[in-house]
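# Survey of secondary and tertiary structure
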There are 2 protein chains.
Amino acid sequence: MVPLKKDIKLVRSLQQKKFRNEHQLFVVEGRKMVDEALTSRFKLHSLYSTDSAYHPDKCHHVTKKEMEMMSSLSTPSPYLAVLHKSPETEQWPKTLDTAVVIMDGIADPGNLGTILRTAEWFGINHVFCTEDCVELYNPKTVQSTMGSLFRVHVHYAAAETIIRYLQENNYKLNGADMKGTSLYEYRFTNKEAIVIGSESHGIRDTMRQALDDNYITIPRHGHAESLNASVATSIILSELYRQKLHQ
Amino acid sequence: MVPLKKDIKLVRSLQQKKFRNEHQLFVVEGRKMVDEALTSRFKLHSLYSTDSAYHPDKCHHVTKKEMEMMSSLSTPSPYLAVLHKSPETEQWPKTLDTAVVIMDGIADPGNLGTILRTAEWFGINHVFCTEDCVELYNPKTVQSTMGSLFRVHVHYAAAETIIRYLQENNYKLNGADMKGTSLYEYRFTNKEAIVIGSESHGIRDTMRQALDDNYITIPRHGHAESLNASVATSIILSELYRQKLHQ
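Model, not experiment: these values are computed from the prediction.

### Looking at the sheet that holds strand 2 (residues 44-49) of chain B
Within a sheet, adjacent strands bond to each other through the backbone by hydrogen bonds, running parallel or antiparallel. All names here are of chain B. With respect to topology, 4 strands assemble into an open sheet ordered 1-4-2-3, the strand pairing being mixed. Sheet topology places strand 1 (25-29) and strand 3 (59-61) at the edges, where each strand pairs with a single neighbour. If you compare each strand with its neighbour and ignore which way they point, the axes differ by 20 degrees on average. Bridge count for strand 1 against strand 4 (residues 79-84) is 5 bridges, and the pairing is antiparallel. Within strand 4, the residue paired with glutamate 29 across the bridge is leucine 80. Against the sheet, helix 1 (residues 5-13) engages strand 1, strand 2, strand 3 and strand 4, with an angle of about 105 degrees to strand 2.

Next comes the structure, spelled out in structure tokens:
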């Protein structure tokens, strides 16, 4: 199949949030991600490759130059898929039984993607994002999940809605902050919701009010002022998992 | 002081490695980083700001447009400093008494910077990089250290040189890998050198030979195939620090 010029224009436009919203589509790139996309819960819109042997039945064969026009990567991969956004990300689980993470205004797409990747590693299937978090379908978020966005469920809502839902499900909200109980001394429960603040503003008032002074902190030896948000989240999830294994 | 056109051209050129090497200079941006640079071990070459009240004795006052021409950031900060590269990064410590990290071919500038930031948090002052690691003075590395590059010492050398030096200092080399002793069960010694593999190739042969089958692995519950290199490093350093605190 030969792609039309308007296809290339469409794919290229999906680098912008405006057009991702208008078309309800997003892009994944790279062999591993595209392979996984084809068997994921996300419905395929169109498939492009410079490799003519790749799914010849449904793949548009493109030249390297055409791929460069479509790709958001500085070094384009030979594989690119356009997927329909999942309405499922809007659905809320009826029962929840693992720890969850709440992102309070995370702005960096790489941080959000990396957090999803680490969450999946430690068996966390649900991540909640306040509505002002960076978009899940941002190309940099998608690529930095390394495929975890196909398996971890991400729920965007107002802070109040997230708080109410988790409190109704008997979760304990716990904020990662510069001051609080030492992470290494805190004993995690089975229903833990870890709140991670934004890169520039930390945890904001609505969340702070719901936290009821439950804060954990990562002990520090050196003089660094803070940790990267995805690093802090990963350290906390690792300790949570360590305690679970060694209960 | 008013900057000359050739100053702007010089600063702009330092976004490229070729010119950083030629001039032995690099750039830091942002108020916090620039403030810290002024009291760091790095010698100041020149200082630029759109804020005419900022160090009027030594700062070149520039327009917003001039700053945009010099900056490597998509949203330029009002503060930018050009520093001389430190010859000190070439010096090797005579005695070493904390854990150290070895980067075996880390290619992503954000990963290297984030690792330095986390290393400092946990009191690790020396990081060793194989010569093919991304450059410390890459603008993205510099910015993602959030100032830790002013305090953590980074040593670039051939893998063999790093191995010999650490073995002579009685360090135990330990590779972070997909298989090995569980991080949570491994007992860290006081002289631990954690080897982190590159994003695409993992730990390579020269390092593997020196590791003598000492590997640690981060236990996994989900299906994620791997962790981001800076995330894996951070999780290991946190566990190392936890054990140190709770000895």
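### Some thoughts on the packing of helix 5 (residues 109-121) of chain A against helix 9 (residues 229-245) of chain A
All names here are of chain A. Interhelical geometry of helix 5 versus helix 9 gives an angle of 15 degrees and a closest axis separation of 9 Å. With respect to helix 9, the element helix 5 is oriented roughly parallel. Of the two elements, helix 5 crosses helix 9, and the hand of that crossing is right-handed. Between helix 5, through Asn111, Thr114, Ile115, Thr118 and Ala119, and helix 9, the contact on the second element is made entirely by Ala229, Ser230, Thr233, Ser234 and Leu237. In terms of residue class, the contact of helix 5 with helix 9 is made up of 4 nonpolar, 6 polar and no charged.

### Comments concerning the relation of the copies chain B and chain A
Each of the two chain copies goes to the other by way of a rotation about an axis and a shift along it. Overlay of chain B on chain A (RMSD 0.0 Å): rotation 180 degrees, translation along the axis 0.0 Å. Overall, the copies show the geometry of a two-fold rotation axis. When the interface residues of chain B are mapped onto chain A, 100% of them again lie at the interface, so the same face is used by both copies.

### Remarks on the sheet that holds strand 5 (residues 100-104) of chain A
Residue and element names in this part refer to chain A. Taking strand neighbours across the sheet as the criterion, the 6 strands line up as 7-6-5-9-8-10 in an open arrangement whose pairing is parallel. Looking at strand neighbours, the two that pair on one side only are strand 7 (153-157) and strand 10 (215-217), the edges of this open sheet. Within the sheet, the average angular offset between the axes of one strand and its neighbour, ignoring direction, is 30 degrees. Bridge analysis of strand 8 (residues 172-182) against strand 10 gives 4 bridges, and the strand direction is parallel. Residue threonine 181 lies in a different strand from strand 10, and its bridge partner there is isoleucine 216. Each of strand 5, strand 6 (126-130) and strand 7 is contacted by helix 5, which is oriented at about 155 degrees to strand 6, the strand it contacts most. Each of strand 5, strand 6, strand 7, strand 8 and strand 9 (192-197) touches helix 7 (residues 159-168); the most contacted strand, strand 6, lies at about 145 degrees to it.

Thresholds, definitions, all that
- Residues numbered from 1 in each chain as written.
- Chains lettered and ligands numbered in written order.
- Predicted model: local features only at pLDDT ≥ 70, side-chain atom pairs only at ≥ 80, totals over all residues.
- Heavy atoms only, no water.
- Pairing = 2+ DSSP bridges.
- Helix = DSSP H or I, 4+ residues; strand = E, 2+ residues; numbered from the N terminus.
- Axes fitted to C-alpha atoms, helices over the stretch in contact; angles between N-to-C directions.
- Contact = heavy atoms within 4.5 Å.
- Parallel < 35°, antiparallel > 145°, perpendicular 65-115°, else oblique.
- Left-handed = near helix turned anticlockwise from the far one by under 90°.
- Nonpolar A, V, L, I, M, F, W, Y, C, P; charged D, E, K, R; others polar.
- Least-squares fit on C-alpha atoms with pLDDT ≥ 70 in both.

This is a description of form; function is not addressed.
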